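# Topology and contacts: notes
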Amino acid sequence: NRLASRLVAASHSGQLAPVAGPCAAATTLIASDFGIEGDDGTSAGARRAVLAGIEALPDELAPGREMLLGLAARLQMHTKHIGHGSHETSAAAGLLSRAGRVAICGAIGTDGARVARLLHALLRAYGRSLPTLVERSASSLRGDGALARLEDICEAAEGGMLVLHDVGALVDDPQAARAVGAALGALPPRTALALLGSPDETRALLDATPTLRAACPTALLLRELTAADVCGRITARAEAEVGAPLGAPAAEALLKRLQAEARPALLEEALLQAAAGSYARRVCLGGLEPGAPLEPRDFGA
């Protein structure tokens, strides 16, 4: 379609000479015909920024970090071949297109959306035209009005990237799952797509909905968060959101509390909010200077 548009524009501007046959005016496919943008002088800086973001991913997102770094290495190999008339252009375009469709499976608390956003940024940095990033929850694609909402989502995401959260919400609604699978399967290849959900629910959904599996043929499995992972996340968030570091006794008490839980990630938000509330009360009552470390009692220990 893009090649045809260029030919029509060229004929209207008089850039094409008359030809004897209908195919004689065909020109070589170029990068932009595959949705690959040209180098505007800022791509090198954009790539460095994205790679820095990928390398900064925490250990619990290590599988995502490895996938993205591997993709970046392959894209870098193709970069020097992408250009007008290059025989490597279609191969690079195929890599860019395939890389933009992935199901990211992670337990509650894992930040698969962060991996999806970095994938979007990485593809853009290497020339893929993805002007928009649309994030929606699959839970909105059930019930009355779901088809209209699905149509709106697909229209907003077309040509960009759609990140669909909580796809497990479709598991027990086969009709909704089929509708979503048909709609996402109909998206043009230039539209990138990431499905986010728990491993078991995502696997069950893809097995029961072949159109969804076809739309997202690649799966990335993130490991479940450990007590140490959650403790580290709470520590970082406490310093950023509460304005107080965790003292060593508080960190030790928090880790022990989390190690006693089968799924520590489920407690992250509740523990952080409870600690912030306790800390704020003690500051307001004058018993603590703002910025002092959090203590074990702030976490109920």
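Residues numbered from 1 in each chain as written. Predicted model: local features only at pLDDT ≥ 70, side-chain atom pairs only at ≥ 80, totals over all residues. Heavy atoms only, no water.

## Details of the overall build of the chain
Just so we agree on the cut-off: Each helix is a run of H or I in the DSSP string that is no shorter than four residues. Each strand is a run of E no shorter than two, and both are numbered from the N terminus. We call a residue buried when its accessible area falls under 20% of the maximum for its residue type, exposed when it is over 50%, and partly exposed in between, using a 1.4 Å probe and counting protein chains only. Whether two residues are in contact is decided by their heavy atoms: any pair within 4.5 Å suffices. Reported accessibility uses the Shrake-Rupley method at a 1.4 Å probe radius. Residues are deemed covered only where the shown protein chains occlude them.
Assigned secondary structure in the chain consists of 12 helices and 5 strands. Buried positions account for 41% of the 301 residues belonging to the chain. Within the chain, contacts between residues separated by at least 24 positions form 73% of all contacts whose residues are at least 6 apart in sequence. For the chain, the accessible surface area stands at approximately 15,200 Å², while carbon and sulfur atoms represent 56% of it.

## Here we look at the nonpolar core
Spelled out, the test is: We define a nonpolar core as any set of buried Ala, Val, Leu, Ile, Met, Phe, Trp, Tyr and Cys residues linked to one another through side-chain atoms lying within 4.5 Å.
By size, the foremost hydrophobic cluster in this structure holds 29 residues, and its most contacted members are L68, L71, I104 and L122. Within the residue set of this core, elements represented by two or more residues are α2 (43–55), α3 (62–79), α4 (89–99), β1 (101–105), α5 (112–125), β3 (161–165) and β4 (192–197). Sort the elements by how many residues they give to this core and α5 lands first, with 8 residues. Excluding anything up to four places from it in sequence, L71 contacts L95, A99, L119, L122 and L123. Counting 25 residues, the second largest nonpolar core, distinct from the first, contains I153, L162, L170 and C216.

## Remarks on the side chain of T191
Relative to the helices and strands, T191 resides in the loop between α7 (174–185) and β4. Not counting residues up to four positions away in its chain, the partners in contact with T191 are R101, R128, A157, E158, G159 and G160.

## Overview of α7
Basically, it comes down to this: The span one expects for a helix is its residue count, reduced by one, times 1.5 Å. Think of the arc as the fan of directions from the helix axis to the C-beta atoms.
Relative to the 16 Å expected for 12 residues at 1.5 Å per residue, α7 spans 16 Å between its end C-alpha atoms, a close match to the ideal helical length. Within α7, the full set of buried residues consists of A176, A177, V180, G181, A183 and L184. Taken end-on, α7 shows its buried residues confined to a sector of 170°, consistent with a single buried face. α7 presents Q175 and R178 as exposed residues on the side facing more than 90 degrees away from its buried surface. Those residues of α7 that are buried are in contact with β1, α6 (146–157), β3, β4, α8 (199–208) and α9 (210–215).

## With respect to the environment of G127
By the secondary structure assignment, G127 is in the loop between α5 and β2 (133–137). Along the sequence, G127 and S43 sit 84 residues apart, while their C-alpha atoms lie 7.8 Å from each other.

## Here we look at the pairing of β2
We count it as follows: For two strands to be treated as a pair, DSSP must find no fewer than two bridges joining them. The handedness rule is simple: strands pointing away from the viewer, and a clockwise path from the first strand over the helix to the second, make the crossover right-handed.
Pairing analysis gives 5 bridges linking β2 to β3, with the strands arranged parallel. From the neighbouring strand, R136 faces β3, where its bridge partner is L164. Handedness of the crossover joining β2 and β3 through α6: right-handed.

## What about the sheet that holds β4?
Defined as follows: For every element, the axis is a line fit to its C-alpha atoms; helices are fit only across the contacting stretch, and the angle between N-to-C directions ranges from 0 to 180 degrees.
Overall, parallel pairing links the 5 strands, which are arranged β2-β3-β4-β1-β5 in an open sheet. Two strands close off the open sheet at either side, each with one partner strand: β2 and β5 (218–221). For this sheet, the mean angle separating the axes of adjacent strands, direction not counted, is 20°. Sheet strands in contact with α8 are β1, β4 and β5, and its direction is about 140° off that of β1.

## A closer look at the confidence of the model for the chain
Rules: One confidence number per residue, pLDDT, is output by the predictor and ranges from 0 to 100.
Taken as a whole, the chain shows an average pLDDT of 83; of its residues, 80% reach a score of 70 or greater. Across the chain, the element-wise mean pLDDT spans from 52 in helix α1 (residues 2–13) up to 97 in β3.

## Overview of the environment of L193
On the secondary structure map, L193 appears in strand β4. In this structure, the C-alpha to C-alpha distance between L193 and A215, residues 22 residues apart in sequence, is 8.0 Å.

## Digging into helix α11 (residues 248–259)
End to end, α11 covers 17 Å across 12 residues, agreeing with the expected 16 Å (1.5 Å per residue, within 8%). Those residues of α11 that fall on the buried side of the exposure criterion are A250, A253, L254 and L258. Angularly, the buried residues of α11 cover 135° about the axis, an arc narrow enough to put them on a single face. Among the exposed residues of α11, those pointing more than 90 degrees away from its buried face are A248, P249, K256 and Q259. In this structure, the buried residues of α11 make contact with α10 (227–242) and α12 (268–284).

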